[in-house]
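Understanding the architecture of this molecule
Each chain, written out:
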Amino acid sequence: MRSRNPVFSRRGFSRDNGYAGFNAAPQAGGPAVATQGNPYAQPSGNPYAQNPYATQDPQYGVPPQAPAVADRMTMDDVVIRTGSTLGLLVVTAALSWALLPVDDANIGRSYGIAIGAALIGMVLAFVQSFKRKASPALILSYAAFEGVFLGVVSSVVDNRIASGAAMQAVIGTMAVFVGVLIAYKAGWIRVNRRFYGFVMAAALGFVLLMMVNMLFAVFGGGDGLGFRSGTLGIVFGIVGILLGACFLALDFKQVEDGIAYGAPREESWLAAFGLTLTLVWIYMEFLRLISILNSSD
């Protein structure tokens, strides 16, 4: 599994520039059938597959008992790694909220620390995104610095714009996560190549528009092109949340395929990394939308 959040150029599982396991029939622990279907398949077969019947008992000439499967990713691994990453993020967010006040006397210093943490977190995220293997230290460090940034931003919005905004954003993020998970498990969301292509195109357009808006805001002042304020800001906030929901569906597909294909246990860190990126995206979009709605009152 090569877990990559679409916000940071998701590359997916496959080694042939396709997406993970679409229209494939994965069999955990079994030999690879086709290289384009199984992302862990190589020309000689799946390097992670173990064939318990590859050799026979020399005495009786019958297949031995299948060996126990070890060091492969399971759902428990993904849940534990994701819980660890999100838990660290929440702890650092709470500490930054408590230790970095946003009153008039200290808001400049708090903003500076938050921006520095955000930049470090972004660099760490990009480094992990381009690494071939998961680095737990990088992923946990990203979560810690991202938590500092989210804590200060949440405190600013909650104390200066909309009281209770942070909790509302958390509840909204949890609701989207549960809703997408239910829809995915029920088969209402089908993650295929067309879905993946649509989400990637929409994400690219969204990010480019936000970058252009930021440039206009920096050099032209004000709200730039208005994509993050007023009616347009509300529309783009909703679009951002919907994109985050689509990212979650892609993350669920990657986790499902990784487990089915017998991915190594270390890949669960990449799954946790992708889910954390997506949940942070959704939370920020909710927080931004809530602040816009309260500012327009």
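Residues numbered from 1 in each chain as written. Predicted model: local features only at pLDDT ≥ 70, side-chain atom pairs only at ≥ 80, totals over all residues. Heavy atoms only, no water.

**Quick look at the pattern of salt bridges**
- On inspection of all chains with the given rule, the structure shows 4 salt bridges.
- Its salt-bridge partner being D77, residue R265 comes within 3.3 Å of it at the nearest N-O pair. Remark: D77 occurs in helix α1 (residues 75-99) and R265 occurs in the loop between α6 (230-260) and α7 (267-295); sequence separation between them is 188 residues.
- By relative accessible area, R265 is classed as partly exposed at 35%.
- A salt bridge links D257 to K253; the nearest nitrogen and oxygen atoms lie 3.5 Å apart. (Salt bridge = Lys/Arg side-chain N within 4 Å of Asp/Glu carboxyl O. Helix = DSSP H or I, 4+ residues; strand = E, 2+ residues; numbered from the N terminus. Buried < 20%, exposed > 50% of the residue type's maximum accessible area, 1.4 Å probe, protein only.)

**Some remarks on the environment of L289**
- Mapped onto the fold, L289 is located in helix α7.
- Considered as a pair, L289 and I234 are 55 residues apart in the sequence and their alpha carbons are 6.0 Å apart.

**Things to note about the side chain of T82**
- The residue T82 is located in helix α1 in this model.
- Residue classification places T82 among the buried positions, given a relative accessible area of 11%.
- Leaving out residues up to four positions away in the same chain, T82 has contacts with A272 and L275. (Contact = heavy atoms within 4.5 Å.)

**As for the packing of helix α3 (residues 136-161) against α7**
- Where α3 meets α7, the closest approach of the two axes is 11 Å, and the angle between their N-to-C directions is 10°. What the angle tells us is that α3 and α7 run roughly parallel. Contacts from P136, I139, L140, Y142, E146, F149, L150, V153, S154, V157 and I161 of α3 reach α7 at W269, L270, F273, T276, L277, V280, Y283, M284, L287, S291, N294 and S295. (Axes fitted to C-alpha atoms, helices over the stretch in contact; angles between N-to-C directions. Parallel < 35°, antiparallel > 145°, perpendicular 65-115°, else oblique.)

**A look at the nonpolar core**
- If you look at the biggest cluster of nonpolar residues, it comprises 66 residues, and the most contacted ones within it are V176 and L248.
- Sorting the residues of this core by element identifies α1, α2 (107-130), α3, α4 (165-185), α5 (193-220), α6 and α7 as the ones contributing at least two each.
- Broken down by element, the residue count for this core peaks at 16 residues, all from α7.
- Look past the residues within four positions of V176 in its chain and what remains in contact with it is I241, A245, L248, I282 and F286. (Core = buried A, V, L, I, M, F, W, Y, C linked by side-chain atoms within 4.5 Å.)

**With respect to the environment of E146**
- Position of E146 relative to the elements: it lies in helix α3.
- For E146, a relative accessible area of 9% corresponds to the buried category.
- Taking the C-alpha atoms as reference, E146 lies 5.9 Å from A118; in sequence the two are 28 residues apart.
- Beyond its immediate stretch of four places on either side in the chain, E146 contacts L89 and V280.

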